[in-house]
Amino acid sequence: MAPKRKATRALESSKSKKSSPTTTKDVQKLGNEIQTESKYNNFVILINQLRDIKVKLITEEDSELESLGRQILVVVMQNFKTLFEDGKLTKTKNQDDHTRLVVNWVLEKYDNSKTILMDILKTKLSFDSSLQLDVLDILFDLLKIGSEYNKSEKFPTKTYQSIIESLLNSSNGEILSDGSSNNFILLEFIDSFFNKYWDLQFYFFNNLSSILENWKNDLSEFKLQKVFANFLTIIRKESLFNSNEEELKSIPTWLPKSNLSSSIYKINLFKSQFQKTVITILSFPLTIPQYKSILLILQKRIIPYMSQPQGLMDFLTDLYNLEDTTTTLEESISEDSDNLIIPILTLNSLYELIKNYNLEYPDFYTKLYSLLNSNLFYTKYRSRFIGLVDLFLSSTHLSSNLVASFIKKLARLSLTASASGVVIIIPFIYNLLKRHPTCMIMIHNTNENDTKEEILNDPFNNQEKNPMNTKAINSSLWELEILMNHYHPNIATLAKIFKEPFKKPNYNLEDFLDWSYLKLLETEQSRKFKLQTTALEFEEFSNILNDKDNIFKNNEVNENILLEGWSL
């Protein structure tokens, strides 16, 4: 061991003799010495100077330092690449001890330089520096170098995983209102690398779940939310994945296809790794906007790429039950309507799993029914919700008791809903009655034996949470009769459709979902009225005054005439 320490000290002996480079000429001179004179100790000087530049840029913006750091990056990496190409960093059996020691020492400095680059990548500097973008480009060039000269592995997994860790754990950027990140380095990675090359997507998810699991135990809650924001930003765009293996092979790769393992085209392997990663990161303590954002992309960006999407059931049911376990969620829904979209989108994802992946979830319609409340028709998500309810109730095989409960509940809510909300409810109820004719008894009961007391007492239990037990099918839609006398003439006219025979085709709900108070007012203002001569019926005033006796003989004396002191 003594000779090795002595040789190592010899390689670093000149460190104290040379000062750090202060100009690009100094940097170029040190680089030339590495090439021509094999002064490998210059790597130490350049790497240390790069570290010092990073520290200074954290506190102040300095364009000269940034330019110097960029020059160091180029010189260091060009020299490492030249050494690899010349075979001077390749270990062989025929090497003597001194040569092997030098090779190991330079490789150690090579690893140190990568560590410095990773650190620059994830550190938040005092300004958005293009130096960090240059670091990103160099790190991906190092992937190609590692793939070409490292015979032990075809894809430099360790280096790439370090890049991914640095990007996900980066302090750059802020968490946006939608739960994603505006990290400019991350956005460059997505546009220039991740969204173009299949091998980078495949190895991104490879073993990432184990890294995320460790972070879950080590990082603070805010840090975990930052990691999720970066992850969300990466996966929110459509993946390059294609279930057709031949088409998958036609997608470009960052590294030459000859250098890659055939495992990257194993569809089941990718789906398995993708699922592990998603399930792990969804267990992080997220914010409400992050839950909303991930639910918005769950159906198209996540579920199709999972090996067993049913694994999301625990996440979705726990997320929906957040309303029951978090005492402040109901309050937050009334204060911020954005939160109402979470249970709506949760049910949408559950419905997708039920319909396409044979998931059994008996409480689905009970959860859906519980979302029908008076606040619903005063939120901006009512249109989306009604559209989803229409989808969920589209099956003609649903129980009439179940459908009747939804019809009755919506009819009851129409009494307190906004005018623009009622415009949605009326055609929706009409379509449900057309689709489920067994519920027509609610507006046309042919049982003549019902007593007056039974008719007046509404058996519908508005407080019942289970739609199968509300007794709505035994009730009537008297609420629709009230809507026929609504203060808004358009709504009153629309409601009168229930008095006519049900021969009209189903309404197209999309024509009613976007109505608002403003649109109702604009419709009234733009309405064109036909000019007609008004028909008047009157009796001449003079004739009444002349017939004095007739006024007093009439039982309905005109008190206004007497009060105004007219002479009789």
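Residues numbered from 1 in each chain as written. Predicted model: local features only at pLDDT ≥ 70, side-chain atom pairs only at ≥ 80, totals over all residues. Heavy atoms only, no water.

Colleague: Which residues make up the packing of aromatic side chains, and what values do they have?
Modeller: This model, assessed by the stated rule, comprises 37 aromatic pairs. Measuring from centroid to centroid gives 5.1 Å for F84 and Y110, while their planes differ by 70°, and the two rings are edge-to-face. On the criterion of sequence distance, the pair formed by F84 in helix α4 (residues 63–85) and Y110 in helix α5 (residues 97–122) is long-range, its members being 26 residues apart. Considering the side-chain rings of F364 and Y365, the 5.1 Å spacing of their centres and the 90° angle between planes classify their relative orientation as edge-to-face. Given a relative accessible area of 2%, F364 falls into the buried group. Lying across the ring of Y265, K249 places its NZ or CZ 5.9 Å from the centre. (Phe/Tyr/Trp six-rings, centres within 6.5 Å; stacked < 30°, edge-to-face > 60°. Helix = DSSP H or I, 4+ residues; strand = E, 2+ residues; numbered from the N terminus. Buried < 20%, exposed > 50% of the residue type's maximum accessible area, 1.4 Å probe, protein only. Lys NZ or Arg CZ within 6 Å of the ring centre and 35° of its normal.)

Colleague: Would you mind going over helix α2 (residues 24–37) in detail, with residue names and values included?
Modeller: Taking 1.5 Å of rise per residue, the 14 residues of α2 would be expected to cover 20 Å, and the 19 Å separating its terminal C-alpha atoms lies within 8% of that figure. Taken together, the buried positions of α2 are occupied by V27, L30, G31, E33 and I34. For α2, the angular spread of the buried residues around the axis is 150°, confining them to a single face. Turned more than 90 degrees away from the buried face of α2 sit K25, K29 and T36, all of them exposed. Of the surrounding secondary structure, the elements contacted by the buried residues of α2 are α3 (42–59) and α4. Residue S38 follows α2 closely and has a positive phi angle near 55°. (Expected span 1.5 Å × (residues − 1). Arc of directions from axis to C-beta. Contact = heavy atoms within 4.5 Å.)

Colleague: Please provide a residue-by-residue account of the pattern of salt bridges, values included.
Modeller: Tallied over the full model, the rule gives 15 salt bridges. For the salt bridge of D119 with K54, the shortest nitrogen-to-oxygen distance reads 2.4 Å. Taken together, the positions of D119 in helix α5 and K54 in helix α3 put the pair 65 residues apart, joining distant regions of the chain. Three or more residues joined by partner-sharing salt bridges are found here, namely K408, R412, D458 and E479. (Salt bridge = Lys/Arg side-chain N within 4 Å of Asp/Glu carboxyl O.)

Colleague: Can you break down the environment of W478 residue by residue, with the values?
Modeller: On the secondary structure map, W478 appears in helix α24 (residues 478–483). Judged by relative accessible area, which is 34%, W478 ranks as partly exposed. Sequence spacing of W478 and I443 is 35 residues, and the spatial spacing of their C-alpha atoms is 7.9 Å. Contacts of W478, omitting those with residues within four sequence positions, involve K408, R412, L415 and D458. A polar contact is formed between the side chain of W478 and the side chain of D458, at a distance of 2.7 Å. (Polar contact = N/O pair within 3.5 Å; in protein donor to acceptor, adjacent residues only side chain to side chain.)

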